[in-house]
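In case you want the letters, here they are:
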Amino acid sequence: MATHVFHRSLKSKLPLAVRGDGPYLIDENGKRYLDASGGAAVSCLGHSNEAVRAAIHAQVDQLAYAHTGFFSSKPAEDLADFLIARAPGNMEAAYFVSGGSEAVETALKMARQYFLEIGQPERKHFIARGQSYHGNTLGALSVGGNQWRKKQFAPLLVEQGRVSPCYPYRDQKPQESEEEYATRLADELENEIERLGAENVIGFVAETVSGATLGAQTGVKTYFQKIRDICDRYDILLILDEVMCGMGRTGSLFAYEQEGIVPDIVTIAKGLGGGYQPIGATLVSDKVYRAFQQGSGVFMNGHTYLGHPIACAAALAVQKEIEKHNLIENVQKMGSYLDKKLHEAFDKHPHVGDIRGRGLFRAVEFVEDKKNKAPFDPEFSLNTKLKKAAMDLGMICYPNGGTIDGRLGDHVLLAPPFIADEALINEIVSRLARALNRVTGRE
């Protein structure tokens, strides 16, 4: 049947999803797909949580929409209270949008206007990392380091300062300790600030745990502490992107909790609403909020669906379910189990170079030659073939190419739901192993 939907790819036919059942999606032919990546690390509660569905229904019956230029709403107020009460550090306010790209775009605008509010209009540059991804809007693409996504739109983008990602598998030197590697990366940031002129820099933008572009890469020990110190020394803002890794995904509600630091601005989305409604948020520290409050009192930004009551009600229900059932504790437990099973299955696999991540946010990086870490030829399209093989086997995972530099390198991202148990983890690892062996001719 012909489609009038402008799909992501116009050269392949997608199965039609008709129902969700816990960690599974079911297509029109009744085939069940184990959702091992939550789509794009979204579906933290699976696809059929009754409490969330009931909350959405109740909110629809009460109030569907009220424009935030005229009204606030109880779901938005309650969700903001919930998040701010649980955010470590001095977070003060939450600005609700419709997704991750909007949350990052909002953070960039907030950061720029913050310096206007305190009388430093010369601030105009952001610094971000290579192999990062911060969203598909033009501002977010500009700070992002995913060259494959940026290439088509380069003439429309604003170049920003750039430093190396924290990527120990390929970039940490053989005799270099984690502390020395972290220091080298911090020195690189400091040099970039000085190159641009500290008085011209707005902030440093980074994923606390990298997402789909680099694949669940954590910072080495003390890395983010050194980054926080440099931001403080030069009086620039630290903006952490937790759109993918936040809201419990890595084993704490906010990923930055495990780094021993607090950002000035943090963005969240995907796991915030668990896929039940489109929602994202930008949380700001008291310092940033106070500058607006004591200054103009107006943030020059706005979207039609800011603080949407149904989206906020859904997100609050998702977060209450996570808290009620101690699911972050399960993320920690099942995350360790997933890590163990991945190492058992793939440590000796000739085409697996690195296994990394935290909590239920894990990645496997593939290589053609394990000894010298040589990647597969991009023409082989390992990531595309792996996605198809996994789908054929009834599993959704998140393979990506260009891991190393936007062209070379392949990895797969796994982000199972927080409700996962050992049996589900075993099934995920088993199907991934079969898919990889099928693609690499080992089956």
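Residues numbered from 1 in each chain as written. Predicted model: local features only at pLDDT ≥ 70, side-chain atom pairs only at ≥ 80, totals over all residues. Heavy atoms only, no water.

**Some details on the side chain of His 351**
With respect to the helices, strands and loops of the structure, His 351 is situated in the loop between α13 (327-346) and β11 (352-358). The buried category is assigned to His 351, whose relative accessible area is 15%. Ignoring sequence-local partners within four residues, the contact set of His 351 consists of Glu 365, Phe 366, Val 367, Glu 368, Phe 376, Thr 440 and Arg 442. (Helix = DSSP H or I, 4+ residues; strand = E, 2+ residues; numbered from the N terminus. Buried < 20%, exposed > 50% of the residue type's maximum accessible area, 1.4 Å probe, protein only. Contact = heavy atoms within 4.5 Å.)

**Overview of unusual backbone geometry**
Unusually for a residue other than glycine, Ala 216 sits at a positive phi of about 50°. Relative to the assigned elements, Ala 216 resides in the loop between β7 (201-207) and α9 (223-234). We note that Met 247 has phi near 60°; this positive angle belongs to a residue other than glycine. Among the structural elements, Met 247 can be located in the loop between β8 (237-242) and β9 (265-268).

**A short note on the packing of aromatic side chains**
Under the criterion given, the structure shown has seven aromatic pairs. Taking 5.8 Å as the distance between ring centres and 85° as the angle between the ring planes, the aromatic pair formed by Phe 292 and Phe 299 counts as edge-to-face. Taking the centre distance of 5.5 Å and the plane angle of 20° together, the rings of Phe 376 and Phe 380 count as stacked. Judged by relative accessible area, which is 6%, Phe 376 ranks as buried. We classify Phe 380 as partly exposed; its relative accessible area is 28%. Three or more aromatic residues joined by ring pairs make a cluster, and in this case those are Tyr 95, Phe 292 and Phe 299. The lysine or arginine in question, Arg 86, covers the ring of Phe 82, its NZ or CZ lying 3.6 Å from the ring centre. (Phe/Tyr/Trp six-rings, centres within 6.5 Å; stacked < 30°, edge-to-face > 60°. Lys NZ or Arg CZ within 6 Å of the ring centre and 35° of its normal.)

**Remarks on the state of the cysteines**
Under the definition given, this model contains zero disulfides. Unpaired in this structure, Cys 245 has its nearest cysteine sulfur neighbour in Cys 44, at a distance of 13 Å. A residue is classified by how much of its surface remains accessible, and Cys 245, at 1% relative accessible area, is buried. Take Cys 312: it sits in no disulfide, and the sulfur closest to it among the cysteines is that of Cys 44, at 16 Å. (Disulfide = S-S within 2.5 Å.)

**Observations concerning the packing of helix α14 (residues 382-392) against helix α15 (residues 422-439)**
The N-to-C vectors of α14 and α15 enclose an angle of 130°; their axes lie 9 Å apart at closest approach. In terms of orientation, α14 lies oblique with respect to α15. The handedness of the crossing between α14 and α15 comes out as right-handed. Between α14, through Leu 382, Lys 385, Leu 386, Ala 389, Ala 390 and Asp 392, and α15, the contact on the second element is made entirely by Leu 432, Ala 435, Leu 436, Arg 438 and Val 439. (Axes fitted to C-alpha atoms, helices over the stretch in contact; angles between N-to-C directions. Parallel < 35°, antiparallel > 145°, perpendicular 65-115°, else oblique. Left-handed = near helix turned anticlockwise from the far one by under 90°.)

**Considerations on the packing of α13 against α15**
Following both chains from N to C, one finds α13 and α15 inclined at 30°, their axes separated by 10 Å at the closest point. By the criterion of interaxial angle, the relationship of α13 to α15 is roughly parallel. In this structure, the crossing between α13 and α15 has a hand that is right-handed. Contacts between α13 and α15 pair Met 334, Tyr 337, Leu 338, Lys 341, Leu 342, Ala 345 and Phe 346 from the former with Glu 422, Ile 425, Asn 426, Val 429, Leu 432, Ala 433 and Leu 436 from the latter.

**A look at the sheet that holds β7**
Within the open sheet, the seven strands sit side by side as β4-β10-β9-β8-β7-β5-β6. Their pairing is mixed. Each edge of the open sheet is held by one strand with a lone partner, namely β4 (91-97) and β6 (161-163). In this sheet, adjacent strand axes meet at a mean angle of 20° when their direction is disregarded. Looking at chain direction, β7 and β8 are connected through five bridges and run parallel. In the strand pairing of β8, Gly 203 is matched with Leu 237. Of the strands in this sheet, β4, β8, β9 and β10 (280-285) are in contact with helix α11 (residues 286-294), which crosses β10 at around 85°. (Pairing = 2+ DSSP bridges.)

**Considering a nonpolar patch on the surface**
Residues Leu 138, Phe 153 and Leu 156 make up a contiguous nonpolar surface patch of about 280 Å² in total accessible area. Along the polypeptide, Leu 156 turns up in the loop between α6 (147-150) and β6. (Patch = residues over 30% accessible without salt bridge, like charges linked within 9 Å, V, L, I, M, F, W, Y side chains within 5 Å. Areas by Shrake-Rupley, 256 points an atom, 1.4 Å probe, with all protein chains shown as cover. Salt bridge = Lys/Arg side-chain N within 4 Å of Asp/Glu carboxyl O.)

**Observations concerning a negative patch on the surface**
On the surface, a cluster of negative charge is made up of Glu 368, Asp 369, Asp 377 and Glu 379. Assignment of secondary structure puts Glu 379 in the loop between β12 (361-366) and α14. (Lys, Arg positive; Asp, Glu negative; His and termini not counted. Charge placed at Lys NZ, Arg CZ, Asp CG, Glu CD.)

**Describing the pairing of β8**
Counting buried positions over the six residues of β8 gives six, a clear majority of the element. With α9 bridging β7 and the parallel β8, this β-α-β connection has right-handed handedness. Direction of pairing for β8 relative to β9: parallel, over a ladder of four bridges. Note that in β9 the partner of Leu 240 across the bridge is Val 266. (Right-handed = clockwise from strand over helix to strand, strands pointing away.)

**A word on the pairing of β10**
The element β10 is extensively covered by neighbouring structure, given that six of its six residues are classed as buried. With burial as the criterion, each face of β10 is covered, one bearing Gly 280, Thr 282 and Val 284 and the other bearing Ala 281, Leu 283 and Ser 285. Two strands pair when backbone bridges link them, and β4 and β10 are joined in this way by six bridges, in the antiparallel orientation. Each bridged residue has a counterpart across the sheet, and for Val 97 the counterpart in β10 is Gly 280. Relative to β10, β9 is paired through four bridges, and the arrangement is antiparallel. Its bridge partner lying in β10, Ile 265 is registered against Val 284.

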